[in-house]
Structures are given as structure tokens and as C-alpha cells.
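Observations on the three-dimensional arrangement
What follows is the residue order along each chain.
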Amino acid sequence: VPELPEVEVVRRGLDAFVVGRRVESVEVYEPRSVRRHLAGPVDFAAVLTGRLVTAARRRGKYLWLPLDDEDALVGHLGMSGQLLVQPAETPPDRHLRVRMPLSDGNELRFCDQRTFGGLLVSAHGALLPTEIAHIGPDPLDDGFDDDAFARALHRRHTGTKRALLDQRLVSGIGNIYADEGLWRARLHYARPTETLRRPEVDRLLAGVRGVLRDALGEGGTSFDSLYVDVNGQSGYFDRSLDVYGRGGQPCRRCGTPIRRDPFMNRSSYTCPRCQPRPRRARW
Ligand SMILES: [Zn+2]
């Protein structure tokens with residue numbers, strides 16, 4: 001599942017290779033991939049054809065391309081979605097769902113094996129599409145308010161990791177980056193949010209931001225060709241992970257074996273020494 005850094009890499013690719021181009025035509029091969037465009041695939045193609053892409057924006061894991069008026073093409077990659085920019089002569093991927101030839105001879109292609117992702121055109125959505133207005137800003141967003149985040153955590157009465165995964169509170173953090181950010185902040189995932197002191201919230205934000213920036217640094221360097229791929233080369237920065245997936249291996253800070261716990265049908269990785277379990281725990 002793509003997380004924020006991977007989606008940001010895609011946004012940068014769209015910024016470089018799609019902004020300033022016109023959508024010449026639209027072919028929808030899989031109606032499910034535009035199911036969130038409630039007026040249907042024919043309308044989707046009609047409103048998008050001939051439009052100029054003026055910017056590439058992101059909130060959390062959603063992307064949108066403001067068009068030459070107040071509308072925007074909105075994309076969510078879901079589990080397996082890819083937005084590719086390829087020359088028209090490149091043979092299509094077998095999971096090609098929507099094909100959008102551009103005015104410069106390349107094509108914007110939406111491929112999605114599992115079809116959990118999708119595209120829609122949002123009316124008057126250039127600034128912030130209404131379809132994603134419920135998503136909170138991500139911690140790297142200029143609009144992110146640290147004070148408001150600290151207050152919201154205090155009111156929450158939940159576990160710290162669960163709060164990090166709540167897209168209404170803070171977007172763009174999935175299971176991997178939550179574990180990494182908590183390890184950097186030396187906080188346990190089950191720490192009740194209402195007991196976090198302000199310096200601890202600041203440490204948490206610094207930890208999460210550091211992880212996201214490091215991941216972006218690596219994803220960004222692999223992106224240098226006419227190919228925007230969220231599941232391919234950008235990948236997760238596996239070799240840089242400090243705790244995630246490292247159960248039983250020594251903590252890089254103190255040498256204590258990393259512990260793996262089941263968490264919301266997945267796993268949580270912690271260092272028992274750097275991130276002691278709170279006496280009162282919340283899941
Ligand atoms: Zn440790």
C-alpha cells in the first residue's frame with residue numbers, strides 16, 4: 001500500500017510531466033475505476049477532454065490536478081493504483097484502466113490491478129476537492145497546525161499509534177511510518193494520547209516528519225525518467241527502516257531485540273527498552 005512518500009513522488013512526477021499539458025481525449029476501460037465520479041464514465045470523459053492541467057497537488061494519499069477552471073481531476077491509488085506517464089507507443093500494461101493522451105504526445109495512464117483506487121473529476125475542486133475535504137493535512141503540509149494536533153490528541157482518549165493512523169487527525173501515515181516515527185520519538189504505540197505531554201507530542205511530530213523526509217529523499221532520487229511509478233522503483237526505503245519488520249533483531253540504538261505485537265490485524269514493532277510499554281495502555 002503506497003504511503004505518503006510514495007504518493008509525493010508520484011505528485012512530483014505529475015508536476016514535471018503532466019502540468020502544462022492538455023488532456024486530448026479519455027478512454028475508460030474499467031468503469032469501476034471511475035465509480036466515485038457519480039455522473040458516470042461517459043461524463044467523466046466528457047468533462048476531462050480538452051482541459052489543461054495547471055498544477056499537481058496532494059493531501060495525504062490523495063492527488064489532484066487542478067484544471068483550467070475551478071475543476072480538478074482527483075486520484076486515489078488505493079492498494080495497487082499507478083499513475084504512469086508513458087509515450088503513446090509504449091504497449092499498455094494489462095491492468096490499464098483509464099488512458100488519457102496528452103497534448104505533448106505522451107499519455108497519462110491509470111493502471112490498477114485490484115481496482116480499489118480510482119479517478120473522478122471534482123467540480124470546483126481546484127483548491128481542495130470536497131471529496132477529500134475530510135482528510136486532515138499531513139505533517140509535512142504547511143497548513144499543519146502542531147498546537148491543534150496536540151489539543152486534539154489530548155481530547156482523544158485512544159492509543160498513540162491509533163491516533164497517528166486516523167486520517168481525520170493527521171493524514172498520510174500508515175502502519176510502517178507510524179512504527180518508525182514512534183521509535184524515533186521513543187514512545188510506545190499504546191501510550192494513551194491524553195497522557196502525552198507537549199514535549200512528547202513535539203518529539204512524536206519530529207519523529208514522524210524525520211521518517212517521511214528521509215523516505216522522500218530516497219524516493220526522490222530514484223525518480224528521474226519519464227515514468228511515474230508508485231509501486232516500482234520508489235518503493236519503501238527498506239534498508240533504512242529502524243524497527244518495522246525487524247522483529248528479534250537488535251535495536252539500532254540500544255541493541256535490545258525488537259519486539260513484534262499484533263495490532264489491528266497487522267503488527268507493531270517496538271524496542272522494549274527505548275519504548276517501554278505504559279502502565280496504562282490503550283489500543
Ligand atoms: Zn532500543
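Refer to the structure presented above.
Residues numbered from 1 in each chain as written. Predicted model: local features only at pLDDT ≥ 70, side-chain atom pairs only at ≥ 80, totals over all residues. Heavy atoms only, no water.

**Re the overall build of the chain**
A count of helices and strands for the chain gives 6 helices and 10 strands. Scaling as 2.2 N^0.38, a compact globule of 283 residues should have a C-alpha radius of gyration of about 19 Å, and the chain matches this with 20 Å. By its C-alpha atoms, the chain is 60 × 35 × 30 Å across when sized along the principal axes. Within the chain, the fraction of its 283 residues that count as buried is 55%. A fraction of 67% describes how many contacts in the chain between residues 6 or more apart in sequence connect residues 24 or more apart. (Helix = DSSP H or I, 4+ residues; strand = E, 2+ residues; numbered from the N terminus. Rg over C-alpha atoms; globule rule 2.2 N^0.38 Å. Buried < 20%, exposed > 50% of the residue type's maximum accessible area, 1.4 Å probe, protein only. Contact = heavy atoms within 4.5 Å.)

**Digging into the sheet that holds strand S6 (residues 96-101)**
The strand order S1-S6-S7-S5 describes an open sheet built from 4 strands, whose pairing is antiparallel. The open sheet has two edge strands with one neighbour each: strand S1 (27-28) and strand S5 (81-87). Pairing between S6 and strand S7 (residues 106-112): 5 bridges, direction antiparallel. Considered in S7, the bridge of Arg 99 is made with Arg 109. (Pairing = 2+ DSSP bridges.)

**Focus: the packing of aromatic side chains**
For the coordinates displayed, the defined rule picks out 3 aromatic pairs. When the ring of Tyr 189 is compared with that of Phe 263, the centres are 5.4 Å apart and the planes differ by 75 degrees; the resulting orientation is edge-to-face. Taken together, the positions of Tyr 189 in the loop between helix H5 (175-185) and helix H6 (198-221) and Phe 263 in strand S9 (residues 259-263) put the pair 74 residues apart, joining distant regions of the chain. There is no split in this pair, since Tyr 189 and Phe 263 are both buried. For the cation-ring pair, Lys 161 lies above Phe 263, with the distance from its terminal atom to the ring centre recorded as 4.5 Å. The cationic tip of Arg 253 hangs over the ring face of Trp 183; the distance from NZ or CZ to the ring centre is 3.8 Å. (Phe/Tyr/Trp six-rings, centres within 6.5 Å; stacked < 30°, edge-to-face > 60°. Lys NZ or Arg CZ within 6 Å of the ring centre and 35° of its normal.)

**A closer look at helix H1 (residues 4-17)**
Along its 14 residues, H1 runs 20 Å from first to last C-alpha, staying within 8% of the 20 Å computed at 1.5 Å per residue. The element H1 is extensively covered by neighbouring structure, given that 10 of its 14 residues are classed as buried. Turning to H1, its buried residues number three or more, namely Leu 4, Pro 5, Glu 6, Val 7, Glu 8, Val 9, Val 10, Arg 11, Gly 13 and Leu 14. (Expected span 1.5 Å × (residues − 1).)

**Quick word on empty space enclosed by the protein**
The probe, sized like a water molecule, is rolled over the atoms to show the empty space still left. For the structure on display, the rule yields 2 cavities of 30 Å³ or more. When its volume is computed, the largest cavity comes out at roughly 50 Å³. Every residue along the wall of the largest cavity is listed here: Leu 14, Leu 63, Leu 65, Leu 73, Val 74, Gly 75, Leu 83, Leu 108 and Leu 119. When contributions to the lining of the largest cavity are tallied by element, the ones reaching two or more residues are strand S3 (62-66) and strand S4 (72-76). Among the elements that line the lining of the largest cavity, the one with the most residues is S4, at 3 residues. Partitioning the lining of the largest cavity into residue classes produces 8 nonpolar, 1 polar and no charged. (1 Å grid on protein atoms, 1.4 Å probe; cavity = no way out; pocket = protein on both sides within 12 Å on 5 of 7 lines; lining within 4 Å. Points joined across faces, edges and corners; volume = space filled by probe spheres on them. Nonpolar A, V, L, I, M, F, W, Y, C, P; charged D, E, K, R; others polar.)

**Considerations on the coordination of the zinc ion**
Here the zinc ion is held by the protein donor atoms Cys 251 (SG), Cys 254 (SG), Cys 271 (SG) and Cys 274 (SG), which lie 2.2 to 2.4 Å from it. Taken together, the 4 donor atoms coordinating the zinc ion and their angles of 98 to 115 degrees define a geometry best described as tetrahedral. Read from N- to C-terminus, the donor residues coordinating the zinc ion fall into the pattern C-x2-C-x16-C-x2-C. Residue classification places Cys 251 among the buried positions, given a relative accessible area of 5%. (Donors = N, O, S within 2.8 Å, 3.2 Å for Na, K, Ca; no water. Tetrahedral: all angles 85-135°; square planar, octahedral: opposite > 155°, others 65-115°.)

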